[in-house]
Amino acid sequence: MKDYTRQFRRAAVLGAGVMGAQIAAHLANAGLPVILYDLPADSDYKNAIAGKAMEGLLKLKPAPLAVPSALAAIQPANYQQHLPWLADCDFVIEAITERPELKAGLYQTVAPHLGERALFATNTSGISINRLAQALPEAVRGRFCGVHFFNPPRYMHLVELIAHARTESQTISALEGFLTTTLGKGVVHAYDTPGFIANRVGVFSMLAVIHHAERLHLPLDLVDELTGEGIGRPKSATFRTADVVGLDTFAHVVRYLAASLTDDPWASCYHVPVWIAELIDRGALGQKSGAGVYRKIDGEIRVLDPETMDYRRVRSALDPRVRAILEHLDPAHKFRALRELGGRQAEFLLAIHHDLFHFCAVHLASIAPTAREVDLAMRWGYGWKLGPFEMWQAAGWREIAEMIEVEVAAGRTMSNAPLPLWVMDPRRKAVHDAQGSWSAAMGRVMPPVSHPVYRRQIIRQRVAGEPEPSWSTVYETDAVRLWHQGDDIAVLSFKTKLHTIGAAVLDGVQAALDLCERDFKALVLWHPESPFCAGANLRELAEAAGRGEFDAIEPLVEKFQHTSLALRYSMVPTVAAIEGLTLGGGCEFVMHCDRVVAALESYVGLVEVGVGLIPAGGGCKELAMRAAEEAKGGHLLPFLTRYFERAAKAQVSTSAPEAREWGYLQGADKVVLNPYELLHVAKSEAAALYESAYHPPLRPREIPVAGAPGIATLQAQLVNLLEGGFMSAHDYEITRRLAHVLCGGEVDPGTRVSEEWLLTLERKAFMDLLRMEKTQQRILHTLETGKPLRN
């Protein structure tokens, strides 16, 4: 049996702290039964510590559990009574406090109870794996390694996999397959050095920012403006990120690295500035304490002035010329323009990057097998758009290397360590190319890891310099591309912003279906980047409504409905592969496909009410049909009410499993934890549908509806909300029409209607609402602010 298909039937987590409990939650998200261990409580209920941690999982934000019901997969336990249960666990991970002596003691306690084939791991964020392995008996050491999840484990894609000197290759291989497919993670192999890769590079990067900000006397809010999205980092930049992480946590990591890296060329840099230490002494630890670098005072966010240790108003001091440079997408242009501009802000940006590049080049051989691991670790673990080697390569490898060499010689860098010889090799123009990535440890270019699990990633995460995947385009417009990879499954990708649906996309979907019925076995809707679809093109709709072109809009709405029906009744199977936002019209398309393959992080909902409209691409019709199917001839209204309430509140699921519980996804639809495997699974599902002698579903002749009594019942709820001040008069108008459509209009209860009847009702209600001034105000407000208007 191949390593990546090895079955992990049951897992255990040792330690029910913040990380341990959340790792257990994510194992439960993957469908694994999990035992969550902690110390026995002093009370009669010995599992109280683990039990309390489980209760906390239901309160944490963002939610560690994909759905609250996943908690049932976790079983609380304690070390005193339940160690024999470990014998049935295939994967055991330790996540207790970061103290080597406590970990060693626990290892000695649990080792005799581990199964003969169980893989044992530690979630340590930096303690030596070789050191920890010494506490284990010889028989277990080969099955032990580091598996470092990032917080929060459900949402952070990165997992660092760290072997020690005696870890067996089968252990690493099996875990890489399990972590990648079952848990949906991006695995990076790291060497056993303090901080491993991401924290080693990430913490140094923050220290470099602090160092140069102090050297150049830049205010902290300006530093955040300079080190955010403009340089490919998260919007929270440096100090807002430190507040989220916790200043005490940041200081603890810095102290640990300082103690562990006494011989490092940058050893003198591992300290926090006096003003951060003073904030920690005050108890101003960041977001968790209500104050840190930033603080809200009288409803206004203020920022610390380190010189006075008082808070002042946040203000923008960003040089508009620097802003213009940072808005440019090409790194080579950015670096060149910053050099030409000069000034403190430009000097700061160049300095933090040159020091980062210098640091990564010197340490590459000791921290990672190749430059690819470093770049992916920073993308997946710290949210950078480009890793440090990618950025350096894109900015001009040779030119930057020569500048750093001059700065090192002149003592203008944070360390005087010379650049490695490989950096200055006159033949070198890049670290990533079509053959692979540079390995400083091996002294040659190494191809990407060839683990069999990556065959499931048709479109794998690339780093700069790696070749684009190959595909053959069948049909392309400005709005869509229909393509294939030399097989009989066609893939349709939208090219619009946020993959919104307008007239050109509708034309593209219909053309694609025609081509597929002639030349292909199936059609998959999939996009190389999330989101799947943010809904209909509101701007196109608003502009037409603003011109009063309602007679032109209604045929377009009807075309949307017919396109949804075409997806449902095509002669070839249709599969939607979704990730991220799947809203409004995107949700309607999905609900009409034969099958859906959804990434765990798929946020699905019919949100049209939020802009003053109702679903009119077949969404209301589909909700009425699904409620009727679920009622199975019984009382319809309870099933319909649930759909009505979610659409009326414009609710969006927080995960794919929740979308399934809501009925937006159905029982046969698949949930995939690794988004890079979406296309593989979707194509497999499409092929399976075709091979099972596919024929489109029969059109329903008669759909039972709730009729006038159902409308009255739902409207009674709405009147209560209106009179109680919980909704505006326009909210009432929107949701009243939604109730009218979902119940099939003013007909007798149990009346059987056609699909076309329901489509006509939803289309008419949509057009009536669109003609209203308050709906048009809502649409424009959403387009301008990205937020709903309650008028």
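Below is a short write-up of the structure. Everything quoted here is computed from the prediction, not taken from an experiment.

### Let's talk about helix α3 (residues 100–110)
Taken as a whole, α3 has its buried residues at P100, K103, L106, Y107 and V110. Projection of α3 onto a plane perpendicular to its axis shows the buried side chains occupying an angular sector of 125°, all on one side. In the core, the buried residues of α3 are packed alongside β1 (11–14), β4 (91–94), β5 (119–122), α4 (129–133) and β6 (144–149).

### Quick word on the packing of aromatic side chains
Two aromatic rings, taken as a pair, are described by how far apart their centres are and by the angle between their planes. Tallied over the entire structure, the rule returns 21 aromatic pairs. Judged by centre distance (5.3 Å) and plane angle (15°), the ring pair of F357 and W392 falls under stacked. Residue F357 is found in helix α14 (residues 344–367), and its partner W392 is found in helix α16 (residues 388–409); the two are separated by 35 residues along the sequence. Each member of the aromatic cluster is reached from another via a ring pair, and the members are F335, F357, F389, W392, W397, W422 and W438. Here R233 stacks its cationic end above the ring of W384, 3.8 Å away from the centre of that ring. The cationic tip of R428 hangs over the ring face of W438; the distance from NZ or CZ to the ring centre is 4.1 Å.

### Quick look at the nonpolar core
Ranked by size, the top nonpolar core spans 115 residues in total, and within it F120, F348, F389, W392 and W422 carry the most contacts. Sort the elements by how many residues they give to this core and α14 lands first, with 12 residues. If we skip the residues at most four places from it in the chain, F389 touches C360, A361, L364, A371, V374, D375, W397, W422, V431 and H432. Counting 89 residues, the second-largest nonpolar core is a separate cluster that includes C516, L538, V609 and V747.

### Notes on the sheet that holds strand β14 (residues 444–446)
Judged by pairing direction, the sheet is antiparallel, and its three strands sit side by side in the order β12-β13-β14 without closing on themselves. In the strand order of this sheet, the two ends are held by β12 (432–433) and β14, each with one partner. Of the strand pairs in this sheet, β12 and strand β13 (residues 436–439) are connected by two bridges, and their pairing is antiparallel. Bridge pairing in β13 places D433 opposite G436.

### Side note on the state of the cysteines
The full count for this structure, using the stated rule, is zero disulfides. C360 supplies the cysteine sulfur nearest to C269, a cysteine that is in no disulfide, at a spacing of 14 Å. By relative accessible area, C269 is classed as buried at 12%.

### Details of the sheet that holds strand β9 (residues 294–297)
Spatial ordering of the open sheet is given by β9-β10-β11, a layout of three strands whose pairing is antiparallel. At either margin of the open sheet sits one strand with a lone partner, and together these are β9 and β11 (310–313). Across the sheet, the mean angle from the axis of one strand to that of its neighbour is 45°, orientation sign disregarded. Alignment of β9 against strand β10 (residues 300–305), held across four bridges, turns out to be antiparallel. Counterpart to I297 in the pairing with β10 is E300.

### Description of unusual backbone geometry
Along the chain, K61 connects to P62 via a cis peptide bond; the corresponding omega equals -5°. Here P62 lies in the loop between α2 (48–57) and β3 (74–78). Residue F196 is not a glycine yet carries a positive backbone phi of 55°. In this structure, F196 sits in the loop between β8 (186–190) and α7 (198–215). On the basis of relative accessible area, F196 is assigned to the buried category, the value being 0%. Backbone geometry places L498, a non-glycine residue, at a positive phi of 55°. Mapped onto the secondary structure, L498 falls in the loop between β17 (489–494) and α17 (503–519).

### Description of the pairing of strand β18 (residues 522–525)
Where burial is concerned, the two faces of β18 agree: the one with A522 and V524 and the one with L523 and L525 are both buried. Sheet analysis places β17 next to β18, joined by four bridges and oriented parallel. Bridged to V491 within β18 is V524. Read from β17 through α17 to β18, the crossover connection turns out right-handed. As paired strands, β18 and strand β19 (residues 574–583) are joined by three bridges and run parallel to one another. Within the sheet, the bridge partner assigned to V524 lies in β19 and is V575.

### What about the environment of R344?
Structurally, the position occupied by R344 is in helix α14. A residue is classified by how much of its surface remains accessible, and R344, at 45% relative accessible area, is partly exposed. Sequence spacing of R344 and L218 is 126 residues, and the spatial spacing of their C-alpha atoms is 8.3 Å. Ignoring any residue separated from it by four or fewer positions in sequence, one finds R344 in contact with L216, H217 and L218.

What counts, and where the lines are drawn
Residues numbered from 1 in each chain as written. Predicted model: local features only at pLDDT ≥ 70, side-chain atom pairs only at ≥ 80, totals over all residues. Heavy atoms only, no water. Buried < 20%, exposed > 50% of the residue type's maximum accessible area, 1.4 Å probe, protein only. Helix = DSSP H or I, 4+ residues; strand = E, 2+ residues; numbered from the N terminus. Arc of directions from axis to C-beta. Contact = heavy atoms within 4.5 Å. Phe/Tyr/Trp six-rings, centres within 6.5 Å; stacked < 30°, edge-to-face > 60°. Lys NZ or Arg CZ within 6 Å of the ring centre and 35° of its normal. Core = buried A, V, L, I, M, F, W, Y, C linked by side-chain atoms within 4.5 Å. Pairing = 2+ DSSP bridges. Disulfide = S-S within 2.5 Å. Axes fitted to C-alpha atoms, helices over the stretch in contact; angles between N-to-C directions. Right-handed = clockwise from strand over helix to strand, strands pointing away.

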